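If you want the building blocks of each chain, they are given just below.
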Amino acid sequence: VLMTAVRSDHFLLVTDLVERPGASRKVDLAVPVPADFDLPLTNVRDPLEFDGVIESVVDGLLVRGRLRAGMRLACCRCLRPLQRETEREVVELFSDPEDRDADDEVEAGYEIREGAIEISALLRDALSGAAPLQPLCQEGCRGLCAQCGTNLNETSCDCADIIPDSRWEALRDLRLPDGRS
Ligand SMILES: [Zn+2]
Ligand SMILES: [Zn+2]
């Protein structure tokens, strides 16, 4: 019985390009976010859009294009939900591991296997690069009060005045030897 392997959503057949340097094909894809993509405070909306070109070169296949993604983020200081549309230029080389020297290994996820490539790793890498590391709702967001959780952009609280500074608390019981005990 011949079973066809389950192809992922990021599977691209490239038999028309493999080992045909100079040949190229345009791609315009709308694909789901890789299942294992995980960044704190970041949620990427389906689908991802990628348009570009796959170019056959001597070393393999060059995938060039632009990734567009809608992201739901949270401000890293006040946790306010944010929406961002991000774009990222992508240039990645896929190679056939069999064609390479042993000491010149193909990066995992960027292999050409049996006339096909998987672009999950490409998408993951591009998304990681496109996501802001410390998203802010506004320049100079004042964040939340660490004691009471008040959003300091909206109002203020008295915590700073009430909570004693523990550094001075420790000094309160400290008695310096003055020789007059
Ligand atoms: Zn904020
Ligand atoms: Zn407070």
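Residues numbered from 1 in each chain as written. Chains lettered and ligands numbered in written order. Predicted model: local features only at pLDDT ≥ 70, side-chain atom pairs only at ≥ 80, totals over all residues. Heavy atoms only, no water.

Draft legend 1. Molecular detail of the pattern of salt bridges. Overall, the coordinates contain 10 salt bridges when judged by the stated rule. A salt bridge links Arg-66 to Glu-89, with the shortest nitrogen-to-oxygen separation between them at 2.3 Å. With Arg-66 in strand β5 (residues 60–74) and Glu-89 in strand β6 (residues 81–94), this residue pair connects regions lying 23 residues apart in the sequence. Across the pair Arg-68 and Glu-87 runs a salt bridge whose closest N-O atoms are separated by 3.4 Å. Here Arg-68 is found in strand β5, whereas its partner Glu-87 is found in strand β6, with 19 residues between them in sequence. Of the residues examined, Arg-68 reaches a relative accessible area of 30% and is grouped as partly exposed. Overlapping salt bridges, with partners in common, bring together Glu-49, Asp-51, Arg-66, Arg-68, Glu-87 and Glu-89 in one network. (Salt bridge = Lys/Arg side-chain N within 4 Å of Asp/Glu carboxyl O. Helix = DSSP H or I, 4+ residues; strand = E, 2+ residues; numbered from the N terminus. Buried < 20%, exposed > 50% of the residue type's maximum accessible area, 1.4 Å probe, protein only.)

Draft legend 2. Examining the coordination of the zinc ion (ligand 2) more closely. In the first shell of the zinc ion (ligand 2), the protein supplies Cys-145 (SG), Cys-148 (SG), Cys-157 (SG) and Cys-159 (SG), at 2.2 to 2.3 Å from the metal. What the four donor atoms of the zinc ion (ligand 2) show is an angle range of 104 to 116° at the metal, which sorts the shape as tetrahedral. Within one chain, the residues donating to the zinc ion (ligand 2) are spaced in sequence as C-x2-C-x8-C-x1-C. One end of the pair, Cys-148, is in the loop between α1 (120–130) and α2 (159–162); the other, Cys-159, is in helix α2, with 11 residues separating them in the sequence. Take Cys-148: its relative accessible area is 42%, and that puts it in the partly exposed class. (Donors = N, O, S within 2.8 Å, 3.2 Å for Na, K, Ca; no water. Tetrahedral: all angles 85-135°; square planar, octahedral: opposite > 155°, others 65-115°.)

Draft legend 3. Here's a closer look at the coordination of the zinc ion (ligand 1). Within the protein, Cys-75 (SG), Cys-78 (SG), Cys-137 (SG) and Cys-141 (SG) serve as the donor atoms for the zinc ion (ligand 1), at 2.3 Å. Here the zinc ion (ligand 1) is ringed by four donor atoms whose angles at the metal span 106 to 113°, and the overall shape comes out tetrahedral. Every donor residue of the zinc ion (ligand 1) comes from the same chain, spaced as C-x2-C-x58-C-x3-C. Taken together, the residues span a long stretch of sequence, with Cys-75 in the loop between β5 and β6 and Cys-137 in the loop between α1 and α2 at a distance of 62 residues. Across the pair, Cys-137 and Cys-75 agree in class, each one buried.

Draft legend 4. The arrangement of the environment of Leu-152 in detail. In this structure, Leu-152 sits in the loop between α1 and α2. A residue is classified by how much of its surface remains accessible, and Leu-152, at 23% relative accessible area, is partly exposed. With residues up to four places along the chain from it excluded, the contact list for Leu-152 reads Arg-142, Gly-143, Leu-144, Cys-145 and Cys-157. (Contact = heavy atoms within 4.5 Å.)

That is the geometry; function is a separate question.
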